[in-house]
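Listed below are the residues making up each chain.
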Amino acid sequence: MLFYERIFQWLGHLKLSRVIVMVSVILFLVPLFTHYYLSKYESSSSLGLNAMQHTLEALDDISTINADDLKIRIKEMLRIKASVSTELRELEEKRGRLQKEAAAASVKADNVKAEYARASAELQRLRVSADQARLAQLEAIRRDSPELAPPNQILPSQPPPVLSPVSPSSEVHCRMHSCFDHSRCSLTSGFPIYFYDPDVHSPLAGAEVDGFLKTTLRQTLSYNAHLTHNPNEACLYLVLIGEAFPTTKGPSSTPETYQLMLNETAVKSLPYWGGDGRNHVLLNLARRELSVGSGDAFQGASTGRAMIAQSTFTLQQFRPGFDIVTAPALGPPGGDVWAECAPIAPARRKYLLSFQGSKSPVADLSKEDDKQLIESLQKTAKTAPASDVFYLQFECDPSVDRRAIRSIGDWALCGTDRSRRAILRDSTFVLILAPADQNYASTALLQARLYEALRSGAIPVILGGDRIRMPYDEVLDWRRATLALPKARVTELHFLLRALSDADLLAFRRQGRVLWERYLSSLQASIDTLLAVIRTRLNIPARPAAPTLGTPAFNESYYPMKVEPPAVDSEPEETLGPLEAPYPSPAYRRNYSLLLLHGYEMWNDWGEPFAIYPQLPWDPPVTSEARFMGSAAGFRPIGAGAGGSGKEFSEALGGDRPREQFTIVILTYEREAVLAAALARLRGLPYLNKVVVVWNGVSGPPASQAWPESGAPVAVVRTQRNSLNNRFLPYHLIDTEAVLCVDDDAHLRHDEIVFAFRVWREHRDRIVGFPGRYHAWDLNFNNGFLYNSNYSCELSMVLTGAAFVHRYYLWAYWRALPAAVRDYVDEYMNCEDIAMNFLVAHITRKPPVKVTSRWTFRCPGCPVTLSADETHFHERHKCIQFFSQVMGYTPLLSTQFRADSVLFKTRIPHDKQKCFKFI
């Protein structure tokens with residue numbers, strides 16, 4: 001009802017005009033639609049009728065055809081049908097063949113495109129290689145100097161001819177230019193030395209050389225590369241005289257006066273003395289009974305043109321540049337001595353200054369001066385603040401035998417070695433007083449005090465040091481390890497000691513420990529340094545250290561089959577560098593000129609820049625291991641890094657060296673599949689000189705295994721035992737300075753390796769690599785550093801599982817690093833990477849350099865590694881603490897610096913590459 005009501009309401013509101021219009025429209029449209037549909041119906045009806053009519057006509061025609069014709073027509077239709085079917089099948093087969101040919105053509109086109117891309121990349125590399133070759137040719141033309149090889153070894157063939165003896169007055173004026181026969185020591189001689197057998201030739205009067213000293217010296221010299229058993233070719237002759245302890249009474253002696261007398265007749269009767277003793281070294285080692293005897297075995301004796309090496313010299317007797325002040329032979333024969341040393345830290349100890357000594361005053365000496373010196377020291381100790389504790393003992397209790405010191409006014413040692421060491425380990429500084437007799441430049445007692453002070457980490461303060469000669473002082477800078485003051489400065493001594501900061505104290509102590517360990521600690525160190533000093537005077541290069549000969553895993557007649565690794569899609573736009581044939585690093589050609597140009601202000605044989613050292617007898621080989629500076633390849637190439645543009649820099653190695661390559665050393669242990677994958681990933685790596693595979697397994701590599709082609713020579717060496725230290729063996733196969741140490745399961749991209757190589761070339765003295773770690777102080781108050789592998793904003797270590805190091809450090813790892821560290825690595829089968837970081841940080845005092853942002857590397861398909869063991873990190877904590885104990889401190893330095901690549905993976909338009917800048 002409501003609906004109808006609304007309709008009526010709506011109609012009620014309509015106007016009459018609108019109603020009329022609507023009715024008119026309806027009356028007009030309805031007839032039109034009706035007519036349209038009727039016409040459509042009529043046409044369809046007519047069509048249907050026509051179709052029916054045609055059908056009937058066809059039926060009439062069929063009925064008129066007989067059965068035979070119908071059969072013939074049906075057969076014809078079936079034949080046509082079969083023909084059409086056959087043609088359709090042929091067309092379908094042809095369509096299938098065309099589809100296969102199209103697919104093959106498409107694959108071929110893709111292969112051609114890929115080959116074109118690879119050929120373009122190879123062409124680009126060849127262009128870069130050609131550019132590098134042209135630059136090298138231009139540099140060679142500019143130098144225009146032939147490559148000269150050193151002459152053959154020139155050695156004498158006869159013993160020294162007998163000459164007339166020199167007068168005693170001329171002996172005092174002996175120098176190297178007047179009393180040394182240089183004709184027996186050519187620059188290429190190798191510095192051969194001959195040692196007289198003490199059992200056959202005894203130059204002492206009524207005495208016999210100590211048996212321990214004879215045996216030890218023979219063994220020590222047998223390790224020296226310069227020793228020769230042919231006296232006819234010797235450059236230097238070494239004669240062992242003896243020790244400073246009583247052997248023979250003087251003609252008018254009392255039971256308290258003794259003298260070590262040299263038998264001049266026995267000395268001059270030596271078979272190769274040559275009449276005047278030229279090129280002979282008379283060696284007197286003070287080893288025992290230092291409180292008895294002056295230590296001078298040559299007092300009043302004629303020694304001709306022979307050099308004297310001992311601890312006691314007078315100013316008139318010592319011939320500068322000819323005689324040598326040596327340290328007393330107080331230590332062991334050789335080997336590790338780190339256990340004898342005290343820790344370097346803390347900087348300040350219990351006592352600010354200590355002294356222990358006893359002296360017997362004599363009327364004819366400057367008794368009053370020594371008395372005033374003692375009174376001044378005692379007054380300083382009393383007036384010092386409570387924080388500055390002095391330990392001064394000027395009388396020994398019980399009193400010691402002071403017979404020897406009566407003649408020279410020297411200070412005797414108090415107590416035992418153990419008691420003195422206890423005081424010295426608690427002393428920041430130790431006082432060493434020069435003898436009252438101002439004619440003495442050095443005494444055995446003074447040198448013994450210096451030896452004990454450096455061993456215990458007490459900084460020596462030598463009063464009267466302005467006239468004292470230190471051991472090997474012509475090559476060792478003692479100013480960095482000791483304080484030498486005139487006695488007149490005693491009143492200012494306290495101020496000077498307090499003026500030194502903690503950093504300075506640690507630097508003095510560290511330098512003193514290095515000097516003691518390398519040159520004074522053992523008989524072997526003393527003898528080797530003595531010979532190195534004389535060889536350095538003559539500017540004769542040391543014999544090269546023999547590299548480690550790696551045992552080949554395969555014999556010469558057989559080598560395993562090589563297979564092509566699977567192709568890896570390369571990026572044609574990225575050129576990492578040229579692929580060139582292997583060539584070694586430039587030879588170290590400054591053997592003769594380095595000392596002339598730099599004097600002794602240079603890196604020592606371990607690369608330490610903080611001291612002035614001579615080359616030691618194991619001197620590194622005649623390549624650039626000896627020092628990082630001064631390489632023959634140090635000239636800047638033409639066009640290298642021109643304008644600082646990114647494109648040219650990315651196409652060349654850059655830096656100040658025109659051409660250089662690196663060697664990859666892979667340590668593996670019976671993981672053939674992992675190793676094969678690692679070698680396959682090296683295919684196409686530029687700047688790769690050689691791959692040295694260190695096979696650390698018990699059994700050798702299988703001969704049936706096929707090795708993937710890496711694009712560079714691959715040498716497989718077997719080790720004698722399974723040791724992680726084998727990673728750093730200085731194999732003779734390594735011909736480059738740059739060495740990339742890599743684990744077999746480390747996955748590194750080519751661009752990462754090349755970038756790390758470039759960074760290493762700018763930091764050649766550091767470890768440059770990928771996995772970063774750091775050491776942190778133990779917050780549980782265990783007083784030690786702990787190993788930490790968590791992600792951090794700083795690092796202090798770069799693990800050598802993927803890192804570049806200089807080849808020199810491979811020698812230093814086995815020559816300079818204490819054997820206890822390597823033994824510890826073998827015991828726990830861990831921490832060789834930490835040991836290398838300790839070594840490099842100790843030598844350079846610089847942190848490592850990390851490249852890329854990746855903190856570590858993972859190999860999901862690899863077997864369980866050593867680091868997966870739950871005790872792995874506990875062992876590495878212990879390693880850091882033990883290594884710190886061996887070195888006396890923790891040399892690791894923290895850094896927040898990291899080198900990342902921008903141009904390698906950042907795509908920059910060609911028109912903007914030249915203006916791109918690092919931000």
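Described in the following lines is the structure provided in the data block. Note that the structure is a prediction, hence the values are computed from the model and not measured.

Notes on the packing of aromatic side chains
Describing an aromatic ring pair means giving the distance of the ring centres and the angle of the ring planes. Under the counting rule described, the total for this entry stands at 28 aromatic pairs. Between Tyr 237 and Tyr 272 the ring centres are 5.7 Å apart and the planes differ by 15 degrees, which places this aromatic pair in the stacked class. Here the residue Tyr 237 occupies a position in strand β2 (residues 236-242), and Tyr 272 occupies one in the loop between α7 (264-268) and β3 (280-284), the gap between them amounting to 35 residues. Through pairs of rings, three or more aromatic residues link up here, namely Trp 338, Tyr 824, Tyr 828, Phe 838, Phe 882 and Phe 883. In this structure, Arg 761 is placed above the aromatic ring of Phe 757, and the distance from its NZ or CZ to the ring centre is 6.0 Å. Above the plane of the ring of Tyr 787 lies Arg 876, whose end atom (NZ or CZ) is 4.3 Å from the centre.

Brief notes about the sheet that holds β3
Judged by pairing direction, the sheet is parallel, and its five strands sit side by side in the order β1-β2-β3-β4-β6 without closing on themselves. Only two strands of the sheet have a single partner each, and these edge strands are β1 (193-195) and β6 (324-325). Where strand β4 (residues 307-310) lies against β6, two bridges are found, and the strand directions are parallel. The residue bridging Ala 309 from the neighbouring strand is Ile 324, located in β6. In the packing of helix α6 (residues 211-222) onto the sheet, the strands contacted are β1, β2 and β3, and the crossing angle to β2 comes to about 160 degrees.

Observations regarding the sheet that holds strand β19 (residues 738-743)
Spatially, β13-β18-β16-β15-β19-β24-β20-β25-β26 is the arrangement adopted by the nine strands of the open sheet, whose pairing is mixed. At either end of the open sheet lies a strand with only one pairing partner, and these are β13 (551-552) and β26 (898-899). Of the pairings in the sheet, the one linking strand β25 (residues 849-851) to β26 comprises two bridges and is parallel in character. Paired with Val 851 across the two strands is Ala 899, which belongs to β26. Helix α16 (residues 672-680) contacts β15 (662-668) and β16 (688-695) of the sheet and is inclined by roughly 175 degrees relative to β16. In this fold helix α17 (residues 750-762) packs onto β15, β19, β20 (768-769), β24 (802-806), β25 and β26, with an angle of close to 30 degrees to the strand it touches most, β24.

Description of α16
Because an α-helix completes one turn every 3.6 residues, residues spaced three or four positions apart along the sequence face the same direction. Residues of α16 that are buried: Val 674, Leu 675, Ala 676, Ala 678 and Leu 679. Summarising the contacts, the buried residues of α16 are in contact with β15, β16 and β17 (707-708).

Describing the packing of helix α9 (residues 417-425) against helix α10 (residues 444-456)
Running from N to C, α9 and α10 point in directions that differ by 55 degrees, and their axes come no closer than 9 Å. Relative to α10, α9 is oriented oblique. The two elements α9 and α10 meet at a crossing, and its hand is right-handed. Of α10, the residues touching α9 (which contributes Asp 417, Arg 420, Arg 421, Leu 424 and Arg 425) are Glu 452, Ala 453, Arg 455 and Ser 456.

A look at the packing of α10 against helix α12 (residues 502-520)
The interhelical angle for the contact between α10 and α12, taken along N-to-C directions, is 120 degrees, at an axis separation of 8 Å. As the angle between them shows, α10 and α12 are arranged oblique. Taken as a pair, α10 and α12 cross one another with a handedness that is left-handed. Seen from α10, the contacting residues are Tyr 451, Leu 454 and Arg 455; seen from α12, they are Gly 512, Trp 516 and Leu 520. Within the contact of α10 with α12, the residues separate by chemical class into four nonpolar, one polar and one charged.

Analysis parameters
- Residues numbered from 1 in each chain as written.
- Predicted model: local features only at pLDDT ≥ 70, side-chain atom pairs only at ≥ 80, totals over all residues.
- Heavy atoms only, no water.
- Phe/Tyr/Trp six-rings, centres within 6.5 Å; stacked < 30°, edge-to-face > 60°.
- Helix = DSSP H or I, 4+ residues; strand = E, 2+ residues; numbered from the N terminus.
- Lys NZ or Arg CZ within 6 Å of the ring centre and 35° of its normal.
- Pairing = 2+ DSSP bridges.
- Contact = heavy atoms within 4.5 Å.
- Axes fitted to C-alpha atoms, helices over the stretch in contact; angles between N-to-C directions.
- Buried < 20%, exposed > 50% of the residue type's maximum accessible area, 1.4 Å probe, protein only.
- Parallel < 35°, antiparallel > 145°, perpendicular 65-115°, else oblique.
- Left-handed = near helix turned anticlockwise from the far one by under 90°.
- Nonpolar A, V, L, I, M, F, W, Y, C, P; charged D, E, K, R; others polar.

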